[in-house]
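# Geometric and topological summary
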Amino acid sequence: MKVSVIGCGRWGSFIAWYLHSIGHEVTLYGRAGSRHMERFMQERTNGLVSFDETVHLTFDLEEALTGEIICISIGSQNLSGLMEQIAACGVKGKTFVLCMKGIEVTTLRRLSEIAEEAVGAENDVAVWLGPGHVQEFLSGVPNCMVIDSNREEVKERLVKALSGGLIRFYYGTDLIGNEVGAAAKNVIGIAAGMLDGRGVSSLKGALMSRGTREIARLIRAMGGNEMSAYGLCHLGDYEATVFSPYSHNRRFGELFVKGETYNELAEGYYTVKALCSLAERYDVELPICRAVYAVLYEGAQPEDEMNRLFMRSLKREF
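Calculation notes
Residues numbered from 1 in each chain as written. Predicted model: local features only at pLDDT ≥ 70, side-chain atom pairs only at ≥ 80, totals over all residues. Heavy atoms only, no water. Pairing = 2+ DSSP bridges. Helix = DSSP H or I, 4+ residues; strand = E, 2+ residues; numbered from the N terminus. Axes fitted to C-alpha atoms, helices over the stretch in contact; angles between N-to-C directions. Contact = heavy atoms within 4.5 Å. Buried < 20%, exposed > 50% of the residue type's maximum accessible area, 1.4 Å probe, protein only. Right-handed = clockwise from strand over helix to strand, strands pointing away. Core = buried A, V, L, I, M, F, W, Y, C linked by side-chain atoms within 4.5 Å. Patch = residues over 30% accessible without salt bridge, like charges linked within 9 Å, V, L, I, M, F, W, Y side chains within 5 Å. Areas by Shrake-Rupley, 256 points an atom, 1.4 Å probe, with all protein chains shown as cover. Salt bridge = Lys/Arg side-chain N within 4 Å of Asp/Glu carboxyl O. Phe/Tyr/Trp six-rings, centres within 6.5 Å; stacked < 30°, edge-to-face > 60°. Disulfide = S-S within 2.5 Å.

Another aspect to go through is the sheet that holds strand β3 (residues 56-58). Spatial ordering of the open sheet is given by β3-β2-β1-β4-β5-β6-β7-β8, a layout of eight strands whose pairing is mixed. Both outer strands of the open sheet, β3 and β8 (167-171), are each paired with one neighbouring strand and no more. Each strand of the sheet is rotated relative to its neighbour by a mean of 25°, with strand direction disregarded. Pairing between strand β7 (residues 143-149) and β8: five bridges, direction parallel. What sits directly across from Asn143, in β8, is Ile167. Against the sheet, helix α8 (residues 175-197) touches β6 (124-129) and β7, its axis set at about 45° to β6.

So, in structure tokens, the structure goes:
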């Protein structure tokens, strides 16, 4: 099958590598000026994955849009602008797979909503979510992930087309819950990093149990199935996000409380702002998200917020 990947960062380039490894004809797109794409053009590697000449590399968006399946892996806050460019190309009959996690801060839209509003009338939209790190996949460590969409036929087609030895896909049944849960787990990852940075990693058990419960409440309020918070897209992704040394969000939170800079994208930084706005809209209490927001955006002291967070609700666990 002819497949394109838009986005040449760590995850996008892995997706291109993986899809090529299971037999698809792959095109990888990166915008002009991207340092990642420039390196691929010159060396055909980014230090993690390498491509032979059968993987097509391009700076031309319209060329990338010739694929039957178009996987997108970029920063979540840039999706709206990209989808506007794609819609202007007049694409029809494509399946767009969003391999990314987040909520648009300015509009509070889920990513599938952004894509569907831009191109959904003539195209299909799905999400590819769940746990897994590039370094582990490339070492041969398999994992389970989720494909979800508003259309059953789309899910069935994608699960069949994208499954391989490294990734077993499950059929998602709750697009709202899976997207919100996947986005929110990055915020829990930042909180976990803050605990690591303060030397109180033992509190991660409480963080995980309480974090899952508060995100379940938000999913239910938004019209999803609260049990989705306990699936692969949220709780099932905690090992990769809350503990892994490869987790951008955990590492960002750890360095933030130490006063150090982290230069990689940590989606949870933006997502927590959106989640706090959603909490107000739906009148849902999100104490962990609120604590992370206070530290990142309001200059609150991490130790004070963590103490306040774990000393609350002494009479009730949930």
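This next bit is on the side chain of Asn178. With respect to the helices and strands, the residue Asn178 is situated in helix α8. With relative accessibility at 8%, the residue Asn178 sits in the buried group.

A separate point is the pairing of strand β4 (residues 69-72). Both faces of β4 are covered, namely the face carrying Ile69 and Cys71 and the face carrying Ile70 and Ile72. As paired elements, strand β1 (residues 2-6) and β4 share four bridges and run parallel to each other. By the bridge assignment, Ile6 is partnered in β4 with Ile72. As paired strands, β4 and strand β5 (residues 95-98) are joined by four bridges and run parallel to one another. Across the sheet, Ile72 pairs through a bridge with Leu98, a residue of β5. You can see the chain leave β4, run along helix α4 (residues 79-88) and come back into β5, and the turn it takes is right-handed.

Looking now at the pairing of β6. Burial within β6 is extensive, with six of its six residues counted as buried. What you see with β6 is no split at all: Asp124, Ala126 and Trp128 on one side and Val125, Val127 and Leu129 on the other are buried throughout. Pairing between β5 and β6: four bridges, direction parallel. Residue pairing in the sheet places Leu98 in a bridge with Val127 of β6. One crossover worth recording links β5 to the parallel β6 by way of helix α5 (residues 111-119), and it is right-handed. Bridge count for β6 against β7 is four bridges, and the pairing is antiparallel. Bridge pairing links Ala126 to Ser149 in β7.

Core analysis: the largest hydrophobic core is formed by 45 residues, its most contacted members being Met194, Leu207, Leu218, Val272, Leu275, Cys289 and Val292. Per-element tally for this core: the top contributor is α8, with 11 residues. Beyond its immediate chain neighbours, meaning those up to four positions away, Leu275 contacts Ile103, Ala184, Val187, Leu218, Leu286 and Cys289.

A surface patch of nonpolar side chains, amounting to about 280 Å² of accessible area, comprises Met227, Tyr230 and Leu235. With respect to the helices and strands, Leu235 occurs in the loop between α9 (204-221) and α10 (238-243).

Despite not being glycine, Arg44 has its phi angle at roughly 60°, a positive value. Relative to the helices and strands, Arg44 resides in the loop between α2 (35-43) and β3. Despite not being glycine, Asp283 has its phi angle at roughly 55°, a positive value. For Asp283, the position within the fold is in the loop between α12 (268-282) and α13 (287-297).

Applying the stated criterion across every chain yields a total of 13 aromatic pairs. For the pair Phe252 and Tyr269, a centre-to-centre distance of 5.9 Å together with 80° between the ring planes defines the contact as edge-to-face. Of this pair, Phe252 sits in helix α11 (residues 248-257) while Tyr269 sits in helix α12, placing them 17 residues apart in sequence. Aromatic side chains Tyr293 and Tyr297 sit 4.8 Å apart centroid to centroid with 20° between the ring planes, which places their arrangement in the stacked category. Taken together, the positions of Tyr293 and Tyr297, both in helix α13 and four residues apart, correspond to about one turn of that helix. Residue Tyr297 is classed as partly exposed on the basis of its relative accessible area of 26%. Within the aromatic cluster, the residues linked to one another by ring pairs are Trp11, Phe14, Trp17, Tyr18, Trp128, Phe137 and Phe169.

This part takes up α11. Of all the 10 residues making up α11, eight are buried; the element is thus mostly covered by neighbouring parts of the structure. Residue Gly259 follows α11 closely and has a positive phi angle near 75°.

Here a disulfide denotes a covalent bond joining the sulfur atom of one cysteine to the sulfur atom of another. Summed over all chains, the structure comprises zero disulfides. Of all cysteine sulfurs in the structure, the one in Cys289 sits closest to Cys276, which takes part in no disulfide; the separation is 5.9 Å.

Fair warning: the whole summary comes from geometry, so function is off the table for now.
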